[in-house]
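Analysis of the macromolecular model
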Amino acid sequence: GQKERARLRENPEGAGIPENEFSRPFSSEVLGKGKSMTLEAKPAELAALSKRFGVQEIPALEATVSTQQRKGLRHCVFLEGRISGEVVQACAISGSSVPSTIEVDFECVLLEEGGANAAAALAEEGDYDVEELVGGKADLGEIIAQYFALEIDTYPTAPDATLPVTDGGGKR
């Protein structure tokens, strides 16, 4: 989870890129009060995410999210939501465009500085993805982009794509 999302901050070529193309920062103070919202990527953000994730196009990406604090757990905010999006990729066999729809539910914990006790309590409860707040803020757009990227098919295949037939010795 967390290590894979950190890796997704770099494009496949490893060249430097803006880290948060779909940036929606919120303070822990605002998120801790409980908030529900829908976040939608704009066309320029979609184009930048397409480049970052190495796909032909991301025509749409939005998420409905909510936050809440749990009694007894200070320094952390629970984030959950549903991501909806579309992606167009090159078929791994033919190279033709393959559109697909991504719908995924996610949840994670936003951990404030000084939240070591909350982290220990969460470890006892179960397996949570944890995002550390930087400067008291969480970039919900970046979190959404990372969960979306994890759902992108690494080898998309067009319905009519077929592998070339060989004679067993590698010759066609």
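Here the structure is a predicted model, which is why all the values come from computation and not from measurement.

Reading the values: the criteria
Residues numbered from 1 in each chain as written. Predicted model: local features only at pLDDT ≥ 70, side-chain atom pairs only at ≥ 80, totals over all residues. Heavy atoms only, no water. Core = buried A, V, L, I, M, F, W, Y, C linked by side-chain atoms within 4.5 Å. Buried < 20%, exposed > 50% of the residue type's maximum accessible area, 1.4 Å probe, protein only. Helix = DSSP H or I, 4+ residues; strand = E, 2+ residues; numbered from the N terminus. Contact = heavy atoms within 4.5 Å. Pairing = 2+ DSSP bridges. Axes fitted to C-alpha atoms, helices over the stretch in contact; angles between N-to-C directions. Polar contact = N/O pair within 3.5 Å; in protein donor to acceptor, adjacent residues only side chain to side chain. Arc of directions from axis to C-beta.

Attention now moves to the nonpolar core. Ile-58, Leu-61, Ile-83, Leu-110, Leu-140 and Ile-144 are the most contacted members of the largest nonpolar core, which has 33 residues in total. Taken together, the elements giving at least two residues each to this core come down to β2 (35-40), α3 (43-53), β3 (57-68), β4 (76-90), β5 (97-111) and α5 (140-150). For this core, the element with the highest residue contribution is α5, accounting for 7 residues. Sequence-distant contacts of Leu-140, defined by excluding residues within four places in its chain, comprise Arg-24, Phe-26, Leu-31, Met-37, Leu-39, Val-65, Leu-79 and Leu-110. Cys-76, Phe-78, Val-109 and Leu-122 belong to the second-largest nonpolar core, a separate cluster that totals 7 residues.

Reading across from one edge, β2-β3-β4-β5-β6 is the order of the 5 strands in this open sheet, with mixed pairing throughout. Edge positions in the sheet fall to β2 and β6 (130-132), since each of these pairs with one other strand and no more. Recorded for the sheet is a direction-independent mean angle of 25° between the axes of neighbouring strands. Judged from the 6 bridges that link them, β2 and β3 form a sheet pairing that is antiparallel.

The next point concerns the environment of Ala-145. As for its placement among the helices and strands, Ala-145 is situated in helix α5. Look past the residues within four positions of Ala-145 in its chain and what remains in contact with it is Leu-49 and Phe-53.

Here the focus is α5. Most of α5 is tucked away, with 10 of its 11 residues classed as buried. Its side-chain oxygen at 3.2 Å from the backbone nitrogen of Gly-141, Asp-139 defines the N-terminal cap of α5.

The complete set of buried residues in α3 reads Glu-45, Leu-46, Leu-49, Ser-50, Arg-52 and Phe-53. Looking straight down α3, one finds that the buried residues subtend no more than 165° of arc, so they occupy a single side. In α3, the exposed positions angled more than 90 degrees off the buried face are occupied by Pro-43, Ala-44 and Lys-51. Considering only its buried residues, α3 is in contact with β2, β3 and α5. Positioned one or two residues after α3, Gly-54 has a phi angle of 70°, which is positive.

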